[in-house]
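# Inside the fold
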Amino acid sequence: MNATTAPVQAGYNFAYLDEHTKRMIRRALLKAVAIPGYQVPFGSREMPLPYGWGTGGIQVTAALIGPDDVLKVIDQGADDTTNAVNIRSFFAKVAGVATTTRTTEATLIQTRHRIPETPLAEGQILVFQVPIPEPLRWLEPRETETRTMHALREYGLMHVKLYEDIVRHGRIATTYDYPVIVNDHYLMRPSPIPKFDNPKLHRNPALMLFGAGREKRVYAVPPYTDVRSLDFDDHPFAVERWEEPCALCASTEAYLDEIILDDKGGRMFVCSDTEYCAVRQEAGHKGAMAP
Amino acid sequence: MKPGRVLLQVRGLSKFYGERVGCERVSFDLFPGEVLCIAGESGSGKSTLLQTLAYELRPDAGAVHYDLSGRGLTDLSGLPDSTLRELWRTDWGFVRQNPRDGLRMRVSAGANIGERLMAIGERHYGDIRVQAQDWLQRVEIDDTRLDEAPTSFSGGMQQRLQIARNLVTRPRLVFMDEPTAGLDVSVQARFLDLLRRLTAELRLAVILVTHDLAVARLLAQRLIVMRHGRIVETGLTDQVLDDPQHPYTQLLVSSVLAA
Ligand SMILES: Nc1ncnc2c1ncn2[C@@H]1O[C@H](COP(=O)(O)OP(=O)(O)O)[C@@H](O)[C@H]1O
Ligand SMILES: [Mg+2]
């Protein structure tokens, strides 16, 4: 058990946001859950962080977190980057909640650009930080038009983008933020997670919430919702595979980061999810370069 | 040509911009496979009429009925947005004066042609590509240009690509607003030739707006002459041009002959 608690600091409302704002965000989230994949506008507040630092996700977390929650924060799979540490200590300070790095211990996980490798369970909430929520912006700059396209499920344009990918690269070269259809209706950007994580969106037992601070949108994938990655019949969706297992924990199932070791071409592949990798190593799994 | 059942029926159609008349009390019938030109000076209401016919602009008075497949003549004012938009991208086509308004300049010619196919649910990359290639050839563009963006095409090729991009779903009616206005005379001729061939081959109905009576003479079976938003004269193209009845049409024709 490595969950730790801290006392709420004086001078802040619980979880920083005032109660009125939290209720407003929760109402938007309820609507988002009721219409899976639909982007719900909300009155985004100023947060003590600049846009691009996860203000959308932080507001969602702040609106939901309760004193009994256990919070985990990851940034590209790691619990210990500056950004993850800052957000975690922010909530420890303003909400006094317990924090953890263990995926299985967390009730609330705020994430930037990954879904943990350890399967999530019912009752857990995953909050994604979203830089750009609108998947159709690429070819259609008019907001009124994209809204109509969503309402009428006119998503041919997204396939035009994938078509163009194949023309240029011989295959669908989109590897991050790979577009999905949620619950057979709404086209959704899953935020810049690797497409490796897309299958984890499908019928996940956890509640997945997405917050875009700058564009003032939230959306949701409720537990056990169908999430399908777009593709062509003759270019089916496929996730990344690596030729070697993780150099530290020998996992063959995880998303691996390439690490350059020296300037002579030395490199290793290790799990991007640092907690998953550490737990496996503790359990005795040993990769080729394990200490 | 024997006029079968009406494809598009227009009655008392008016569109205003505040106090200003866009088009007023326009009525006519269009038959399948018919090419109709709308001529008149700049500002006479041609573009407004075209957009109102296609329901891109909502009329302030009057009605447009279209022979929807499976439903017969249907008042467009009663159609839900979804049906209207489906009509726009399947059974109708649009060729714009400025290729930037009618093409996606940032994606390849193939993607431009394939867009409608993908919009109606085609999900086989290879098949879409084959059809796009076929349509490039049919509009006389070298199919080695399939993967190039239209920005690398000449003006004439861009207009022909607009045609291909529309015809891929086999529409029955195409709306064109001054499609040759930006082209050199020799390039214009080639475009008009192609258009004449395709409309005959595919039994395509076209409503084409032009300020150029020579274009009307070449293409259209029937001609509508507009002034101040109203139809001043209409009839078979050759009759109207050879024996204009209305003083305004006489003026237009004599100005062409004088040039
Ligand atoms: N968006 C608009 N707002 C106001 N007036 C317009 C608009 N578009 C066209 N008009 C006016 O309507 C009349 C018909 O214009 P238009 O349909 O563009 O004619 P044409 O295509 O024959 O040149 C003109 O008087 C024009 O100034
Ligand atoms: Mg005009």
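My aim in this report is to walk through the structure given alongside it, one point at a time. Everything numeric here is computed off the predicted structure, so don't read it as measured data.

Right, let's talk about helix α7 (residues 274-282) of chain A for a bit. Residues and elements named next belong to chain A. Listed as buried for α7 are Glu-275, Tyr-276, Cys-277 and Arg-280. Among the structural elements, β2 (70-75) and β12 (267-271) are those in contact with the buried residues of α7. One side-chain oxygen at the N-terminal end of α7 lies 3.2 Å from the backbone nitrogen of Glu-275; it belongs to Asp-273. Within two residues after α7, Gly-284 carries a phi angle of roughly 105°, on the positive side.

With that settled, consider the nonpolar core. Membership of the largest hydrophobic core comes to 69 residues, with the highest contact counts inside it found for A:Phe232 and B:Ile163. No other element matches helix α5 (residues 156-169) of chain A, which puts seven residues into this core. Residue assignment places this core across two domains, with domain 1 (8-91 + 171-258) and domain 2 (105-170) of chain B each supplying three or more. Ignoring anything within four residues of it in the chain, the contact list for A:Phe232 reads A:His159, A:Leu162, A:Tyr163, A:Ile166, A:Ile172, B:Met118, B:Arg123, B:His124, B:Tyr125 and B:Ile128.

Below, the discussion takes up a nonpolar patch on the surface. Residue and element names in this part refer to chain A. On the surface, a nonpolar cluster with roughly 250 Å² of combined accessible area is contributed by Ile-259, Leu-261 and Met-289. If you trace the backbone, Leu-261 turns up in the loop between β11 (256-260) and β12. Judged by relative accessible area, Leu-261 falls into the partly exposed class, the value being 44%.

Residue and element names in this part refer to chain B. Every residue lining ligand 1 is accounted for by Tyr-17, Arg-20, Val-21, Glu-41, Ser-42, Gly-43, Ser-44, Gly-45, Lys-46, Ser-47 and Thr-48. The contact in question runs from a nitrogen atom of ligand 1 to an N or O atom on the side chain of Tyr-17, over 3.4 Å. One nitrogen or oxygen atom from the main chain of Gly-45 is found 3.0 Å from an oxygen atom belonging to ligand 1. At the level of elements, β2 (20-30) and α1 (46-53) are the ones that each hand at least two residues to the shell around ligand 1. The biggest single contributor to the shell around ligand 1 is α1, with three residues. Tallied by class, the residues present in the shell around ligand 1 amount to two nonpolar, six polar and three charged.

A word on the interface of chain A and chain B. The interface of chain A with chain B comprises 21 residues on the first partner and 20 residues on the second. Buried area between chain A and chain B, summed over both chains or domains, comes out near 1900 Å², and the portion from carbon and sulfur atoms is 59%. When the area that chain A buries against chain B is broken down by residue, the three leading residues are A:Val160, A:Tyr163 and A:Asp234, summing to 29%. Across the chain A-chain B interface, the total number found is three salt bridges. Residue A:Glu154 is joined to B:Arg89 by a salt bridge in which the shortest nitrogen-to-oxygen separation is 2.8 Å. Mapped by element, the contributors of at least two residues to the side of chain A that touches chain B are α4 (143-151) and α5 of chain A. Per-class residue counts for the side of chain A that touches chain B are 10 nonpolar, four polar and seven charged.

Residue and element names in this part refer to chain B. Pairing in this open sheet of six strands is mixed, and the strands run β6-β7-β8-β3-β9-β10 from one edge to the other. Since the sheet does not close on itself, it has two edges, and those belong to β6 (92-95) and β10 (230-236), each with one partner. Averaged over all neighbouring strand pairs, the angle between strand axes comes to 15°, with direction disregarded. Alignment of strand β3 (residues 35-39) against strand β9 (residues 222-227), held across four bridges, turns out to be parallel.

Here we take up the pattern of salt bridges. Residues and elements named next belong to chain B. With the rule as written, the count across this model stands at 40 salt bridges over all chains. Note that Arg-222 is salt-bridged to Glu-34, the shortest N-O span being 2.5 Å. With Arg-222 in strand β9 and Glu-34 in the loop between β2 and β3, this residue pair connects regions lying 188 residues apart in the sequence. Using a relative accessible area of 7% as the deciding quantity, one classes Glu-34 as buried. Where Glu-140 meets Arg-197, a salt bridge forms, and the shortest distance between an N and an O atom there is 3.3 Å.

All right, on to the layout of surface pockets then. Any empty space left between atoms is shown by rolling a water-sized probe over those atoms. Within this model, the largest pocket holds a volume of roughly 1200 Å³. When residues of the lining of the largest pocket are traced back to their parent elements, those giving at least two are α4 and α5 of chain A together with α2 (81-89), α3 (99-102), α4 (109-119) and α6 (155-167) of chain B. Top element by residues in the lining of the largest pocket is α4(A). It accounts for four residues. Partitioned by chemical class, the residues of the lining of the largest pocket number 11 nonpolar, six polar and 17 charged. Mapping the lining of the largest pocket onto the domain boundaries places at least three of its residues in each of domain 1 (8-91 + 171-258) and domain 2 (105-170) of chain B.

What counts, and at which threshold
- Residues numbered from 1 in each chain as written.
- Chains lettered and ligands numbered in written order.
- Predicted model: local features only at pLDDT ≥ 70, side-chain atom pairs only at ≥ 80, totals over all residues.
- Heavy atoms only, no water.
- Buried < 20%, exposed > 50% of the residue type's maximum accessible area, 1.4 Å probe, protein only.
- Helix = DSSP H or I, 4+ residues; strand = E, 2+ residues; numbered from the N terminus.
- Contact = heavy atoms within 4.5 Å.
- Polar contact = N/O pair within 3.5 Å; in protein donor to acceptor, adjacent residues only side chain to side chain.
- Core = buried A, V, L, I, M, F, W, Y, C linked by side-chain atoms within 4.5 Å.
- Domains from an automatic or database assignment.
- Patch = residues over 30% accessible without salt bridge, like charges linked within 9 Å, V, L, I, M, F, W, Y side chains within 5 Å.
- Areas by Shrake-Rupley, 256 points an atom, 1.4 Å probe, with all protein chains shown as cover.
- Salt bridge = Lys/Arg side-chain N within 4 Å of Asp/Glu carboxyl O.
- Near = heavy atom within 4 Å.
- Nonpolar A, V, L, I, M, F, W, Y, C, P; charged D, E, K, R; others polar.
- Buried area = accessible area lost by both parts, 1.4 Å probe.
- Pairing = 2+ DSSP bridges.
- Axes fitted to C-alpha atoms, helices over the stretch in contact; angles between N-to-C directions.
- 1 Å grid on protein atoms, 1.4 Å probe; cavity = no way out; pocket = protein on both sides within 12 Å on 5 of 7 lines; lining within 4 Å.
- Points joined across faces, edges and corners; volume = space filled by probe spheres on them.

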